[in-house]
Amino acid sequence: ADETKDQLEQVQYITENPDVEKFIKWIKDAITNREVIKIFDNLLTIATEEWASDIHIEPFEHRSRIRLRIDGVLIDLVHYPENLHDNIIAKFKIETGQMRPDEKRLPQHARVSTQTLTNKELDLRASTVPTVWWEKLVMRLVDKSKKLPPLEALWIEWINNEILNRNIGFPNGVILVTWPTWSWKTTTLYASLAILNTIDVNITTFEDPVEVKVHWLNQAQVRTDIWFTFASGLRAALRQDPDIIMVWEIRDFETLNTGMEAAMTGHLVFSTVHTNSASETITRVMNLGAKPYMITGTFNVIIAQRLWRKLRDDSKIQVNVKEKYPELYESAKQALLTMKSDALDREMTMRKIDPQALGNFMTNGIARWPDPAKGEKAFKWRVGIYEMLEFDDQIKQLLLDGEKALAVEKYALEERWMINLERDAVFKLIQWKLCIEEVYRLVKHKKY
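The structure displayed is predicted, hence computed values, not measured ones.

Tallied over the full model, the rule gives 27 salt bridges. As a salt-bridge pair, R351 and E157 come within 3.6 Å of each other at their nearest N and O atoms. Here E157 lies in the loop between β6 (135-143) and α5 (158-168) and R351 lies in the loop between α13 (341-350) and α14 (355-364), a separation of 194 residues in the sequence. Classification of E157 by relative accessible area gives buried; the value is 16%. Salt-bridge contacts for E157 lead to K428; the nearest nitrogen and oxygen are separated by 3.9 Å. In this pair, E157 is assigned in the loop between β6 and α5 and K428 in helix α17 (residues 421-430), connecting sequence segments 271 residues apart. Linked by salt bridges that have partners in common, E157, E347, R351, D424 and K428 make up one network.

Okay, here's the thing in structure tokens:
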């Protein structure tokens, strides 16, 4: 018990939610008393109330730890003795009914619906992986009580907002969204579909999993174990008199090709693919087997997005990033200077960015910075950053002429004023929503 107390005291988890503090006390008491069920009940409640996206339960030689991913960053919650770890993992496996508690050599996964101590319904996607010590357990949380925000609340600004609204209004074509894991995939897709979800439109979705149930959408859960795949679902949807089809992810040529054929026959198709930028998506779909003439004949727009931690209004101080981070500052400055002046002026005006704030940043490097006294609590929630590659006639011609994705991106940035991830993040940096270190934590900075 003394060893457990020493380990618990080494982790100082700080929360501004007074209701969470009691659950933190309870989970520490449960660890001390080796009450595994209470450990899990309090853990899920803390993670949900703190808006965590993932829970990591990790074993090491002399102790194990639990961390929460909050606003994209992993934060220590609690440590506990290693001799308790096996019981925690085994109990969770039994509770799922989908994992073998006696199998510790192979990875396992499960999906579970449960409820927190605050009566919030959760969907968990859990995965175990054997390590050199014991098994590691990671759980992804989907809080069913959260409401999806509307499209206008997603930080999609000016030209990007125009592009998205224009393209979701087309009667047919492919709209692809690309991102890493947990970047508001559900939010962006459903916010777009919500605008189109009218009485005279038939919308069918194929998802894995169905994270949010939406009124008046025909949502289907794919089952690869019985050969109900995205591709087979797409083919079936075409016999269901659809207007709009959403496929959760394109993983193979069959799904991609069926989606493009659906777009060519008069349907609007939404889907996702995992790449790091809009232009890289072109390379990705070509590697899957798509021909340039099929891409140009069906693709409307490719959207890339990320989530950055947002600076709190009461936790900002003013710093000279030109001196603090000269290389990052030069990259941010050049990201805007490479835009045509009329496009830059228009973007600044429509985003309502203070000209003085722009001048202070471009000339003197003045920007906002998280208050060191606040630590990680200087950030709260996240801001969406977007880039949109719209397939105009010139981009289609470049692809038909055999040009690579880099040439397409260069044209879009220089001639079509595309707001890529870096430019959108720098605008929000000047608007004092982000700090420069946070901008380039998730975007590669270029040496212009």
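Next comes the rest of the write-up.
A few words now on the pairing of strand β3 (residues 73-81). Bridge count for strand β2 (residues 63-70) against β3 is eight bridges, and the pairing is antiparallel. Residue pairing for β3: S64 is matched across the bridge by Y80. Hairpin connection, β2 to β3: the antiparallel pair is bridged by two residues, and D71 has positive phi, about 55 degrees.

Another aspect to go through is a nonpolar patch on the surface. A surface patch of nonpolar side chains, amounting to about 330 Å² of accessible area, comprises F60, V132 and W133. Tracing the backbone through its elements, the reader meets W133 in the loop between β5 (121-130) and β6. Judged by its relative accessible area of 40%, W133 is partly exposed.

Of note in the backbone geometry, R34 takes a positive phi value of approximately 60 degrees without being a glycine. Residue classification places R34 among the partly exposed positions, given a relative accessible area of 42%. Backbone geometry places W432, a non-glycine residue, at a positive phi of 70 degrees. Within the secondary structure layout, W432 lies in the loop between α17 and α18 (436-442).

The next subject is the sheet that holds β3. Taken together, the six strands give an open sheet; going across it, the order is β3-β2-β1-β6-β5-β4, and neighbouring strands pair in antiparallel fashion. Two strands close off the open sheet at either side, each with one partner strand: β3 and β4 (108-115). Each strand axis lies, on average, 20 degrees off the axis of its neighbour in the sheet, ignoring direction. In this sheet, β5 lies alongside β4 in antiparallel orientation, the contact comprising eight bridges. Bridge pairing in β5 places S113 opposite D123. On top of the sheet, helix α3 (residues 36-49) reaches β1 (52-59), β2, β3, β4, β5 and β6; it is set at about 50 degrees to β6, its chief contact. Here helix α4 (residues 85-96) sits on the sheet and contacts β1, β2, β3, β4, β5 and β6; the angle it forms with β6, its principal contact strand, is near 50 degrees.

With that out of the way, let us pick up the environment of I156. Tracing the backbone shows I156 in the loop between β6 and α5. Spatially, the C-alpha atoms of I156 and I385 are 7.5 Å apart, while their sequence positions differ by 229 residues.

Cut-offs applied
Residues numbered from 1 in each chain as written. Predicted model: local features only at pLDDT ≥ 70, side-chain atom pairs only at ≥ 80, totals over all residues. Heavy atoms only, no water. Salt bridge = Lys/Arg side-chain N within 4 Å of Asp/Glu carboxyl O. Helix = DSSP H or I, 4+ residues; strand = E, 2+ residues; numbered from the N terminus. Buried < 20%, exposed > 50% of the residue type's maximum accessible area, 1.4 Å probe, protein only. Pairing = 2+ DSSP bridges. Patch = residues over 30% accessible without salt bridge, like charges linked within 9 Å, V, L, I, M, F, W, Y side chains within 5 Å. Areas by Shrake-Rupley, 256 points an atom, 1.4 Å probe, with all protein chains shown as cover. Axes fitted to C-alpha atoms, helices over the stretch in contact; angles between N-to-C directions. Contact = heavy atoms within 4.5 Å.

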